[in-house]
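Report on the structure
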Amino acid sequence: MISFYPGPSRVHREIPAYVRDAYAQGIMSINHRSDAFVDMSKRTIGLLKAKLGIPKNYTVFFTSSATECWEIIAQSLVTDKSYHLYNGSFGQKWFDYTKRIRPLAEPMPFHVNEPLDPTRLIFDLKDGLLCLTHNETSNGTQVHNRIIKAIKRNNPSYLVAVDATSSMAGVQLDFKSADIWYASVQKCFGLPAGLGILVCSPQTLERAQAIGERTHYNSLLFMMDMMEKWQTPFTPNVLSIYLLMRVMEAAPPIKEVHETTVDRYEQWRDFLKKRKTIQHFVEAEAVHSHTVVPVRAEPKVMDTIKKSARKAGLLLGEGYGDFKASSFRIANFPALTQKEVRTLMTFLQDY
Ligand SMILES: *Cc1c(COP(=O)(O)O)cnc(C)c1O
């Protein structure tokens, strides 16, 4: 089965060998306060910074998931209000989680086919938080880096937090244009689920200090204290950190990965333009995601495609929420090979 699911997704084919190495090297049982762990943690963070282009003065934290990052941000970086710009299910879930912790969280939904206009997004509170989803996995749209950058430029006293769960390590992100970026590893990193990565600017850490929240095991201030020693407040997923280190050692620089991802997205876009019964789910090309390709068709056609795809050994991502019956999603993640992409295109050509 080739998985085109946009998370959990196809893992890199080297993963089984890395897991065997981890076992042979005793990684699975190392103490998370040991020198061996500290060396590995430090090396992994160094590789993430070097390979993904994360600024030196930003801090990288290990969490257990992107969902945990929603919670950390709400509890440790918001005092009252946060604004949530979203056009799909993940952005909305982030808002829902935040609202339970900080009831003044404000939803600002926008239309799928409509790019955000930064000139209309100027906020007048001091020290607030703006939340954006870089790549909305549920509907295959993205908010371009230049828009995120303009929003931050127009609101410098705000922290800008970006959910990059299904784009980090798949496309190039301009980390310095926002304050908080996070992802989990079962999407573009091509790893098994169970580890999240949270990246914070110096301004974010200052805000956390000013707020002083220390009531949860994963309060950002505790995480900062522990990360000074390359550690976490809890026992982390050591195996996953090891696998991440190995994957990052082997990964090309993000610029190269980005070019391949965009090239493959363009192949998909052009392929879908030529089809009669299936189309790209999103009309406005300007907002198309580069890492998730959503496809729409009549429910009857969709049903046939989904059934025969499974028989052909191709696992497609289900459509999300209301669009489950009329759409499917194709991951365009680095672990997939050009050959696998071709195989799916050949299969879809007959519809
Ligand atoms: C998958 C996903 C999440 C949730 O990730 P978890 O690892 O399950 O917490 C959040 N946001 C986006 C955009 C996602 O694609």
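Bear in mind that the values here come from a model prediction, so they are computed numbers and not experimental data.

Re helix H7 (residues 220-227)
With respect to burial, H7 is a largely interior element, six of its eight residues being buried. Among all positions in H7, only Leu-220, Leu-221, Met-223, Met-224, Met-226 and Met-227 are buried. Buried residues in H7 make contact with helix H2 (35-52), strand S2 (59-63), helix H3 (66-77), strand S10 (196-200) and helix H6 (202-211).

Focus on the site of the ligand
Close to the ligand lie 13 residues; Thr-67, Thr-137, Asp-163, Ser-184 and Lys-187 are nearest. Here an oxygen atom of the ligand and a side-chain polar atom of Thr-67 are 2.6 Å apart. Contacts to the ligand include Ser-184, whose side-chain N or O atom sits 2.8 Å from an oxygen atom. Protein contacts shield 87% of the accessible area of the ligand, which totals 390 Å² for the unbound molecule.

Looking at the layout of surface pockets
Counted as a void, the largest pocket has a volume near 400 Å³. Of all the elements in the fold, those that place two or more residues in the lining of the largest pocket are H2, helix H8 (238-250) and helix H9 (254-273). By residue number, the principal contributor to the lining of the largest pocket is H9, which donates six residues. Of the residues that constitute the lining of the largest pocket, the class distribution is 15 nonpolar, four polar and four charged. Looking at the second largest pocket, it is lined by 21 residues, and the ones nearest its centre are Phe-90, Thr-165, Ser-184, Gln-186 and Lys-187. Listing elements by their share of the lining of the second largest pocket, those giving two or more residues are H3 and helix H4 (89-101).

Topic: the nonpolar core
Counting 106 residues, the largest nonpolar core has Met-168, Trp-181, Phe-189, Leu-244 and Leu-348 as the members making the most contacts within it. Here this core gets eight residues from one element, more than from any other, and that element is H8. Excluding anything up to four places from it in sequence, Trp-181 contacts Asn-145, Ile-148, Val-162, Ala-164, Met-168, Leu-173, Asp-174, Phe-175, Ile-197, Leu-198 and Val-199.

Structural notes on the UniProt feature "domain: Aminotransferase class V" (unreviewed entry) in the chain
Within this numbering scheme, the UniProt entry marks residues 8-297 as carrying the feature "domain: Aminotransferase class V" (unreviewed entry). Taken as a whole, residues 8-297 contains 39% helix and 16% strand, while its terminal C-alpha atoms sit 24 Å from one another.

A short note on H6
For H6, the complete set of buried residues consists of Thr-204, Leu-205, Arg-207 and Ala-208. All buried residues of H6 fall inside an arc of 155 degrees around its axis, so they share one side. Across H6 from its buried face, at more than 90 degrees, point the exposed residues Glu-206, Gln-209 and Ala-210. Positioned one or two residues after H6, Gly-212 has a phi angle of 70 degrees, which is positive.

Things to note about the pairing of strand S3 (residues 82-86)
For S3, the tally of buried residues reaches five of five residues, placing the bulk of the element in the interior. Residues Ser-82, His-84 and Tyr-86 line one face of S3 and the alternating positions Tyr-83 and Leu-85 line the opposite face, and both faces are buried. Bridge count for S3 against strand S4 (residues 106-109) is four bridges, and the pairing is parallel. Counterpart to Leu-85 in the pairing with S4 is Met-108. Note that the unit made of S3, H4 and S4 has a crossover that is right-handed.

Scoring rules and cut-offs
Residues numbered from 1 in each chain as written. Predicted model: local features only at pLDDT ≥ 70, side-chain atom pairs only at ≥ 80, totals over all residues. Heavy atoms only, no water. Buried < 20%, exposed > 50% of the residue type's maximum accessible area, 1.4 Å probe, protein only. Helix = DSSP H or I, 4+ residues; strand = E, 2+ residues; numbered from the N terminus. Contact = heavy atoms within 4.5 Å. Near = heavy atom within 4 Å. Polar contact = N/O pair within 3.5 Å; in protein donor to acceptor, adjacent residues only side chain to side chain. Areas by Shrake-Rupley, 256 points an atom, 1.4 Å probe, with all protein chains shown as cover. 1 Å grid on protein atoms, 1.4 Å probe; cavity = no way out; pocket = protein on both sides within 12 Å on 5 of 7 lines; lining within 4 Å. Points joined across faces, edges and corners; volume = space filled by probe spheres on them. Nonpolar A, V, L, I, M, F, W, Y, C, P; charged D, E, K, R; others polar. Core = buried A, V, L, I, M, F, W, Y, C linked by side-chain atoms within 4.5 Å. UniProt positions renumbered as here; feature names shortened; annotations may be inferred. Arc of directions from axis to C-beta. Pairing = 2+ DSSP bridges. Right-handed = clockwise from strand over helix to strand, strands pointing away.

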